[in-house]
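Now for the letters of each chain:
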Amino acid sequence: QVQLVESGGGLVQAGGSLRLSCAASGRTLGNYAMGWFRQGPGKEREFVAASRWSGGSTYYADSVKGRFTISRDNAKNTVYLQMNSLKPEDTAVYYCAEVNRFIRNLGNAGGYDYWGQGTQVTVSS
C-alpha cells in the first residue's frame, strides 16, 4: 500500500515561513512527478506546485510563484514545499500527491495516483 505522509504544518504569522515535507512510506518515491495542492475553508482543492523529476521542470500557481519552492531529497526519500512570505490567504490543508506516468497537466488533481492525508497550515494576520 503506497502511503504519502505530510508533516511540517502549523500556525505562523503573516510574513513567516514553513517547510512542508512529504515522505513515502515503505517504498522509494516515484521518479516521474510530485505535486502539492491545498484546500482552504469552503474552497475547492487547488494546485500549488509540481515538479517533473526527469528534466527538472517545476510549475507553480501564480498565487505562490516567487514565494514557494518544491524540491526533493532522494537520500531522505522526501519531497519538500518551502513556503516563504506567507499570507493569510495561504491558510489551507496542504496535500502532496504522486503520479508515476505521463500526465499532460500536472495542475489537474484528478491525474494523480496517490495522496497524503494533508497537513494544516494557518497563517495569522
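As the structure is a prediction and not an experimental result, all values here were calculated from the model.

Chemist: What is the right way to read the packing of aromatic side chains from this model?
Modeler: We describe a pair of aromatic rings using the distance from one ring centre to the other and the angle between the two ring planes. Going through the model one piece at a time under the given rule, you end up with six aromatic pairs. Between F37 and F47, the ring centres sit 5.7 Å apart and the planes meet at 70°, which makes this aromatic pair edge-to-face. Of this pair, F37 sits in strand β4 (residues 33-39) while F47 sits in strand β5 (residues 46-52), and the two are ten residues apart along the sequence. Accessibility classification places F37 together with F47 in one group, the buried group.

Chemist: Got a minute to help me understand the state of the cysteines in this structure?
Modeler: Applying the stated criterion across every chain yields a total of one disulfide. Covalent S-S linkage joins C22 and C96, the inter-sulfur distance amounting to 2.1 Å. Looking down the S-S bond of the C22 and C96 bridge, the torsion is 60°, so its handedness is right-handed. One end of the pair, C22, is in strand β3 (residues 18-25); the other, C96, is in strand β9 (residues 92-99), with 74 residues separating them in the sequence.

Chemist: Would you take a moment to explain the pattern of salt bridges for this structure?
Modeler: Side-chain pairs of opposite charge can arise where the charged atoms are in close proximity. For the structure on display, the rule yields six salt bridges. The residue D62 makes a salt bridge to K65 at a minimum N-O spacing of 3.1 Å. By the burial criterion, D62 is exposed, and K65 matches it. Residue D90 pairs with R67 through a salt bridge whose shortest N-O separation is 2.8 Å.

Chemist: Hey, could you run me through the sheet that holds β3 in this one?
Modeler: Picture the strands of a sheet paired through backbone hydrogen bonds; they go either parallel or antiparallel. The antiparallel open sheet is built from four strands, whose spatial order is β1-β3-β8-β7. Each of the sheet's edge strands pairs with one partner strand only, and the pair in question is β1 (3-7) and β7 (68-73). The average undirected angle you get between the axes of adjacent strands in this sheet is 20°. As paired elements, β1 and β3 share five bridges and run antiparallel to each other. Following the sheet pairing, Q3 is matched in β3 by S25.

Chemist: Could you clarify how one ought to interpret the environment of A24 in this entry?
Modeler: With respect to the element layout, A24 can be found in strand β3. Between the alpha carbons of A24 and G56 there is a distance of 20 Å; along the sequence they are 32 residues apart. Excluding its chain neighbours within four sequence positions, the residues that come into contact with A24 are Q3, L4, L29 and N77.

Cut-offs used in this document
Residues numbered from 1 in each chain as written. Predicted model: local features only at pLDDT ≥ 70, side-chain atom pairs only at ≥ 80, totals over all residues. Heavy atoms only, no water. Phe/Tyr/Trp six-rings, centres within 6.5 Å; stacked < 30°, edge-to-face > 60°. Helix = DSSP H or I, 4+ residues; strand = E, 2+ residues; numbered from the N terminus. Buried < 20%, exposed > 50% of the residue type's maximum accessible area, 1.4 Å probe, protein only. Disulfide = S-S within 2.5 Å. Salt bridge = Lys/Arg side-chain N within 4 Å of Asp/Glu carboxyl O. Pairing = 2+ DSSP bridges. Axes fitted to C-alpha atoms, helices over the stretch in contact; angles between N-to-C directions. Contact = heavy atoms within 4.5 Å.

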